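Spelled out, the chains give:
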Amino acid sequence: MAAAAEVRVEIASDADVVAARQAGRRLAEALGLGTTDLTLVATAISEIARNITAYAGSGEIVVRPVELNGAHGLEVVARDAGPGIADVERALQDGYTTGGGLGLGLPGARRLMDEFEIVSQPGVGTTVTMTKWVST
Amino acid sequence: MSVPILKQGKVLIASIQTALTDTDMLRLQDELMAQIGRSRSRGVVVDVTALDVMDSFVSRSLRGIAHMTRLRGAETVIVGIQPEVAFAMVQLGISMEDVHTALDLEEGLALLESLGGEAERGGGGG
């Protein structure tokens, strides 16, 4: 496997959103994900990174190689210390938004990735962890 | 990074060259709206061939451009959506149903012509 390493991108502006998805795409490519998967990963990172700038102001995105039971892939962890999400179930429904967008960010990112987990605590922050496996 | 806008007859062609930030996208929206008035354009082509990601914000902005330009009397065609990008947009849940799209610039210009957007194009015929 390629010596692909973890990359951390601070998210504070809309330029960082672009930087994060490009870092994710590069690592995904190094890990051997297919062309379509690269685009799915980059798009999911874009949605999640924008949620950070829109709702929390700032945070970080870490992309890293992950291995589990012989499968390998790319893991994305997005963290912020923003206001948190009061109703995570609702935030995962299509079309639900408190930010004036389309309400596709979280549910859309979940559909684009293979694994998706969100932990949020009001007043503390939100962490989204999502994975795309290299198909064998 | 600003997007160059070319004027070809009654049509404006905005050719996106590289990944755009949200701010760049909103600037493109403003510039197209202003230039439609200045150039009395009847059609707009936005070429997104170079975009490797079209997320919900970009898609919403393009739809906004299409709707706003129509209110100003110009039809917009989005051209060059890459196959993987189209796949990702569908997974994401983005609908562009009410927006004209075409395979590439040539098809986009042909579509505008058929919509009448190029009816008054200078030079006549061709």
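On a predicted model such as this, the values are computed, not experimentally measured, just so you know.

Criteria and thresholds
- Residues numbered from 1 in each chain as written.
- Chains lettered and ligands numbered in written order.
- Predicted model: local features only at pLDDT ≥ 70, side-chain atom pairs only at ≥ 80, totals over all residues.
- Heavy atoms only, no water.
- Contact = heavy atoms within 4.5 Å.
- Buried area = accessible area lost by both parts, 1.4 Å probe.
- Salt bridge = Lys/Arg side-chain N within 4 Å of Asp/Glu carboxyl O.
- Polar contact = N/O pair within 3.5 Å; in protein donor to acceptor, adjacent residues only side chain to side chain.
- Helix = DSSP H or I, 4+ residues; strand = E, 2+ residues; numbered from the N terminus.
- Pairing = 2+ DSSP bridges.
- Axes fitted to C-alpha atoms, helices over the stretch in contact; angles between N-to-C directions.
- pLDDT = per-residue confidence, 0-100.

Okay, the interface of chain B and chain A next. Contact with chain B, which involves 21 residues of that partner, is made by 23 residues of chain A. Note on chain B versus chain A: buried area summed over both sides is about 1900 Å², and carbon and sulfur give 57% of it. Across the contact surface, chain B and chain A share four salt bridges. Across the salt bridge formed by Asp55(B) and Arg50(A), the nearest N and O atoms sit 2.9 Å from each other. Counting every contact that joins chain B to chain A gives nine residue pairs in polar contact (both at pLDDT 80 or more). Of all the elements in the fold, those that place two or more residues in the side of chain B that touches chain A are α1 (22-39), α2 (56-71) and α3 (83-92) of chain B. Per-element accounting of the side of chain B that touches chain A gives the leading share, six residues, to α3(B).

Attention now moves to the sheet that holds strand β2 (residues 11-15) of chain B. Residues and elements named next belong to chain B. Read from one edge of the open sheet, five strands run β1-β2-β3-β4-β5, paired in mixed fashion. Edge positions in the sheet fall to β1 (5-8) and β5 (100-102), since each has one partner strand and no second. Here the average twist between neighbouring strands, direction ignored, is 25 degrees. Alignment of β2 against strand β3 (residues 43-47), held across five bridges, turns out to be parallel. When the sheet's bridge partners are listed, Leu 12 is paired in β3 with Val 44. The strands touched by α1 within the sheet are β1, β2 and β3, with β2 carrying the most contacts at an inclination of about 160 degrees. Here α2 sits on the sheet and contacts β3, β4 (75-79) and β5; the angle it forms with β4, its principal contact strand, is near 155 degrees.

This brings us to the pairing of strand β2 (residues 59-68) of chain A. Residues and elements named next belong to chain A. When strand β1 (residues 7-11) meets β2, the two strands line up antiparallel, connected through five bridges. Looking across to β2, one finds that Val 7 is bridged to Val 63. Between β2 and strand β3 (residues 71-80), which pair antiparallel in sequence order, lie two residues; one of them, Asn 69, sits at a positive phi of approximately 50 degrees.

Residues and elements named next belong to chain B. Of all residues in chain B, 91% attain a pLDDT of 70 or more, and the chain-wide mean is 90. Contacts for the low-pLDDT stretch residues 121-126, under 50 throughout, to residues beyond four places or in other chains number three contacts. As a predicted assembly, this complex carries a pTM of 0.91 together with an ipTM value of 0.89.

All names here are of chain A. The strand order across the open sheet formed by five strands is β1-β2-β3-β5-β4, and the pairing between neighbours is antiparallel. What marks the edges here is a single partner per strand, and that holds for β1 and β4 (115-121). On average, adjacent strands in this sheet sit at an angle of 15 degrees to one another, irrespective of strand direction. Strands in contact with helix α2 (residues 35-56) are β1, β2, β3, β4 and β5 (125-133); relative to β5, the strand with the most contacts, it is inclined by about 175 degrees. Across the sheet, helix α4 (residues 105-112) lies against β4 and β5, angled at about 150 degrees from β4, the strand it touches most.

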